[in-house]
Every structure is written in structure tokens, then in C-alpha cells.
Amino acid sequence: MSAPTLERPASDETALQRQFDATIAADHRIEPRDWMPEGYRKTLIRQVAQHAHSEIIGMQPEGDWLLAAPSLRRKSVLLAKVQDEAGHGLYLYSAAETLGADRADLTDKLIEGKQKYSSIFNYPTLSYADVGVIGWLVDGAAICNQVPLCRSSYGPYARAMIRICKEESFHQRQGYELLMTMMRGTAEQRAMVQDAVDRWWWPTLMMFGPPDEHSPNTAQSMAWGIKRHTNDELRQKFVDMSVPQAEVLGVTFPDPELEFDPGTGHYRFGKLDWEEFKRVVGGQGPMNATRLARRRAARDDNTWVTEAATAYAAKHEGAGA
Amino acid sequence: MVHEETVYEALVNAHDEGHWAFGTGFDEPLAGVDTTVPDGIDPADLGAYCLMLGDDALVLAQRLTQWITNAPELEEEVAIGNIGLDLLGQARLLLARGGSVGVLGRSRQLATDTIPDEDALAYFRDADEFRSTALVEVENGDFARTLVRLLVAASVRLAVLARLRDSRDPVLAAIATKGVKELTYHRDHAARWVLRLGDGTAESHRRAQDGVEAVWPLLADLFTATDVETRLAAAGVAVDPADVRDEVRAVLTQVLERATLAVPDWPADAPPRGRLGEHGPELTELLDTLQGLARQHPAATW
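Given the structure is predicted, the values throughout are model-derived calculations rather than measurements. (Residues numbered from 1 in each chain as written. Chains lettered and ligands numbered in written order. Predicted model: local features only at pLDDT ≥ 70, side-chain atom pairs only at ≥ 80, totals over all residues. Heavy atoms only, no water.)

Student: Which residues make up empty space enclosed by the protein, and what are the values?
Tutor: Think of a ball as big as a water molecule: rolled over the atoms, this probe shows where empty space is left. For the structure shown, the criterion picks out five cavities of 30 Å³ or more. There is about 300 Å³ of room inside the largest cavity. Together, 24 residues line the largest cavity, and B:Asp56, B:Val156, B:Arg157, B:Val160 and B:Arg275 are the ones closest to its centre. Top element by residues in the lining of the largest cavity is helix H6 (residues 143-164) of chain B. It accounts for six residues. Here the residues of the lining of the largest cavity are counted per class, giving 16 nonpolar, three polar and five charged. Quantified by volume, the second largest cavity comes out at close to 100 Å³. Around the second largest cavity sit 13 residues that line it, and A:Val77, A:Leu78, A:Val131, A:Gln174 and A:Gly175 are the ones nearest its centre. Mapped by element, the contributors of at least two residues to the lining of the second largest cavity are helix H4 (72-97), helix H6 (128-146) and helix H7 (155-183) of chain A. Residues that form the lining of the second largest cavity fall into these classes: five nonpolar, five polar and three charged. (1 Å grid on protein atoms, 1.4 Å probe; cavity = no way out; pocket = protein on both sides within 12 Å on 5 of 7 lines; lining within 4 Å. Points joined across faces, edges and corners; volume = space filled by probe spheres on them. Helix = DSSP H or I, 4+ residues; strand = E, 2+ residues; numbered from the N terminus. Nonpolar A, V, L, I, M, F, W, Y, C, P; charged D, E, K, R; others polar.)

Student: Lay out the interface of chain B and chain A in plain terms, naming residues and giving numbers.
Tutor: Accessible area lost when the parts come together is the quantity often used to give the size of an interface. In this assembly, 69 residues from chain B lie in contact with 75 residues from chain A. In total, chain B and chain A occlude about 6300 Å² of area from one another, counting both sides; carbon and sulfur atoms represent 67% of this. At the boundary of chain B and chain A, one finds three salt bridges. Put simply, A:Arg103 and B:Glu73 hold a salt bridge, and the shortest N to O gap is 3.8 Å. On the surface where chain B and chain A come into contact, there are 17 residue pairs in polar contact (both at pLDDT 80 or more). (Contact = heavy atoms within 4.5 Å. Buried area = accessible area lost by both parts, 1.4 Å probe. Salt bridge = Lys/Arg side-chain N within 4 Å of Asp/Glu carboxyl O. Polar contact = N/O pair within 3.5 Å; in protein donor to acceptor, adjacent residues only side chain to side chain.)

Student: Quick rundown of the environment of B:Gln254? Include the residues and the values.
Tutor: On the secondary structure map, B:Gln254 appears in helix H10 (residues 245-258). Taking the C-alpha atoms as reference, B:Gln254 lies 9.9 Å from B:Ala191; in sequence the two are 63 residues apart.

Student: Give a description of the packing of H6(B) against H10(B) that names residues and reports values.
Tutor: Residues and elements named next belong to chain B. In the contact formed by H6 and H10, the axes pass within 10 Å of each other and the chain directions differ by 145 degrees. Where H6 crosses over H10, the handedness of that crossing is right-handed. The residues of H10 that touch H6, namely those facing Leu151, Val152, Ser155, Val156, Ala159 and Arg163, are Glu247, Val248, Val251, Leu252, Val255 and Leu256. Residue composition of the contact of H6 with H10, by class: nine nonpolar, one polar and two charged. (Axes fitted to C-alpha atoms, helices over the stretch in contact; angles between N-to-C directions. Left-handed = near helix turned anticlockwise from the far one by under 90°.)

Student: Tell me about the packing of helix H1 (residues 43-65) of chain B against helix H9 (residues 227-234) of chain B, and name the residues and values.
Tutor: Residue and element names in this part refer to chain B. Packing of H1 against H9 brings their axes to within 10 Å, and their N-to-C directions diverge by 115 degrees. The crossing of H1 and H9 is left-handed. Residue-level inspection shows Asp45, Leu46, Ala48, Tyr49 and Met52 of H1 in contact with H9, the latter providing Val228, Glu229, Arg231 and Leu232. When the residues that make up the contact of H1 with H9 are grouped by side-chain class, the tally is six nonpolar, no polar and three charged.

Structure follows, in C-alpha cells:
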């Protein structure tokens, strides 16, 4: 698929732009064959690819516990979840392909560090409680980020998000249920849960992205309807919802400044360490190199498989094999 | 439809199973099933047989899971995940059936009471109590060897479970009926890959042939019945593995020939060592990983 606009005369483009603007203003969907400004297309490809990469890299932290999951039921639940993430990656790469991107090329860009994925996946999973906390907090934050995107102005992305959000909410519920079970278990298990919450809380809050004053693209993305709330709005909403859930669970968040403000109806919380965020996004997090090395190995060690499938398809083209 | 304002918020009080995409049905494999053993069947034999079939599924699921996040394509992550989940499901049912007839070995002494039978059996038996075959225990090797092994394992298991649908034990018959549908897909998936790899590029052909050469010797002990299988086959409960040999051989020969691969000599039948609890170091290593966490916290509930 190619961008159809490059050769058009300027006057034509003005009319197309007007039509595009009207579609956005009416909160209708842009579809793959519709004209769209190059900036919209590029921003969306970047957004959707980053999301797809996050699903695929996000398989690793929990995947590290697949072989050691402590019961067959938990192993099944976790395998189903990690498998869902691969499926999410597939839908999202497909959505990016409707914008003219190519999955293999996007994967190469991920592996070469030219495109990002969510920095949360650069932290290690040290105990089985991490599996539960990822489900509760990380998937919970992802839901807060993603549910508004079910109304994204780009049709294929919006539709992918509807399905993904349903599955994410299932994952989140399972994560929370694991933590509830562990909290009812031994003292050691309760300590594992609290430790995991302590390690994941701040990185989870960073998932919403930099503060609004340092998020230069937000205004344009909101105007285009591919972002629906600012980073800080979503972060505040997440904190407000998480505090009562932590109370039910019986854990605390590692923030002495966390306090309900009756004046605003919101929880006040402490300052995030944005230097750490920059370091991790910039590739210096604890697991960045490991995550990308594994993705690279999956591609490079198995190139011969893809080549074989392509060669076989060429030989048997039309033979229905 | 997802409601923006409520999905995360509703977590604490969400008990409505209906609104989760796939339900939450990973619980209690034999819930609601009548587990009475039919007359004339020795429960100890029936349980031992369930462990044979259950351990094969569990160990192969564990091997396949090693591919997750390492597979050649995302579609293959999904497919391998599916097959692993099917096999885990079969393992859970079969181990639970073994537990329901009281075949728990030493595991029940090591596992606390709150741990269900399926987990006592999976996590608290040592290698010498496992009844799996070497075919499912050996390392994956590359993608070609993994898929050749899967082809062989799925072909054998499908042939056995297809016959077990008529077992006199209704629980086993029901497990087999479910499993046949799953294994038909597993065998088909593996066969398609063996065709692509065998008849793909020179490199994939070489790797597929190497895989075949590595896997074929493991056929030796698959078709020799243990005394348990002989007794249960005579009672109409189990399958004598010798009865499926020709069918499996025909399927494998057909796939390999279509894949332009050389079919090695069929190995002579050997004693069923795995079924009797004799295993190589690969199983011990696999179990160390599988069981480590559960054994570190024997009093924990998960």
C-alpha cells in the first residue's frame, strides 16, 4: 500500500485535507483507503508499531516464569496470556500494515533500537508475585491507556483495541486474583507480593509517559483523535483507582506522599524519577539488552525457517499444498 | 463493548464471569465428573496408565513452552502456545484422573493437603516416578527437530486416543474424545511444517533430515506394552501400543516421503524404559525447572 497523495496538485490536497478534518471533527473513522495527512500516517505508524512491539517484548518478562509456574492451573493461565500477547502483536502489526508499513521492517527497526516499546518491560521479574503485579498494575495501566483508543480516529486501530482491551481486562483480573490468593497464603508469599508492588509501582506510573509539559506531541495527537486524554490525566485516574484496590489486597504503595485530597477528590502522589525514565527509555534499563537480544535471536536463528516456508510456497504455488 | 470508565475500576467487585473474553475456566479439571471406577478394573493399573499418558503430555508441553518468545514467527508463537495449552489441559485431566483413583506415589507425602492431586503429581514426584517416554523428554534441538518430534508424538498419541474413545473407563473415554480433536490439529500442524522444511531450501532439508535421524531411534520403546497396558488392554480400558505401530508407521512414512525426506530404518522394539521409570538426565533437568518454585514453598497456595 502506498501513500496516494504525493503527486496530487495542491488545490486537490486542500480539499482532501478539508474532508479529513471534517471526518475527525465529526468523530468518524478514517479508514485505510481514505486520504490522510502524512504526519497523521507517520505518527500513527509510530504509535501502533510501538504498541505492537510492546506486546511482543512484553511476552518476555512473564514468559520467564512459564516453565516454572507453581501449579498447572497457573501455568495454563500464564501460557494463555502470553499467547494472547503474541496475538495482540499480530493484530497491531496488521493495523500498521494498513498504513503502508511492513511487519518485517518494523521488527528490524525494533531490534535495531530505532523504534521503542514500553519501558516497563525493561524491568526484571524476580518472583512469581511479579506475574500477578504485572497483571494487576501493568495491564491495568495499559487498559487505562488503551480503552480510550477504542475510539481512535483510525478505524483498524480502534477495532484492534476493542478486542485487545477485552483480553487485557481478563489478564488484569487474573493477575489480581493471583495476588489475592498469594495474600491468603504464607507470610513468605505476602512478602513476595509487597516486594513486587514496591518494585513495580513507580515504573507503572511512568507508563503513562512524561508529564504533559514535556509531551510535545500530545496536542497534535489529541487534535487528530489518536490520543484522547493527556498523560497526566490518565496517570491521576490510574492512581485514584489503584489505591482502593491496594487496600482490598492488603498491600501499600511505596510513596509516603500518597494521600487523598478532599479538595480535588484525587490522590496526591510523590514525584516520579524522570531521570530513571529517560535512562530506561534510552536503553540503560536493567533488561533492555536482554529483551532485544532475545528478539534478535528469534529472528536471526530462525531465518532459515522463514526462507524454507517461502521456498516451499513458491514451489507449490497453486497446488493447494 | 468495553466501558472506558469502569473496566479497571470494577476490578475489586467484578465477579461476573460472563464479561471476560474467554471465561475463567482453568479450574478443577474433573469438576462434576463421576470418577467411580467401573467393575473389574484395577484402580492401581488405571491410575498408572493415566500417569503414562499424562506425563507424556506434561513433559511435551514443557518442551514446547521453551519455544515461547523464541519462535520463528508470531503465528508460530500462537500455534505452539495453542498446542502447549491443549497438552497441559490433557495432562491436568489425566493426572487428576490418576489422583482420583488413588495413584499418588510419594507425592502426597511431600505436598501439603491444599495442593490438588494434579499438582502433587506434577510437582512432587521425582523423575523415577514419571512414566513419560524418551521421545517427549529429549531436548528440542532446532525448529526442524522440534517439529519432527511433534509430528511423531502427535501421530502416536492421536492413534492411541482415537482407540481410547471406546475405553471402558468413561472418564478416560471422555478425555480421549476431547484429545482427538486437539491432536488432529497438532499432527496436521507438525506435518505441514515437516513438508515445508523437507521440501523448502537445501538448509531446511538438511536440518529436517537431521531431525528425523535424531528422533527415529526414540520410536524403539514406544510400541512395547508394559504389564499394566497389557492387563488394561485385555480389560477393554487401555490400548496396547503395539496395535498402533503400523498406523503410525504409515502416517510418518507418507509425510516424510512427501517432504522428500529419507525414511530411516524402523528401529527394533525395545523395553519401555520410560514407562517403567527409567529416564535420562534430560528429564531430571526439565523437572528441576518445572518443580523448583513449587517445592521451595510446599505450604503455599497459588
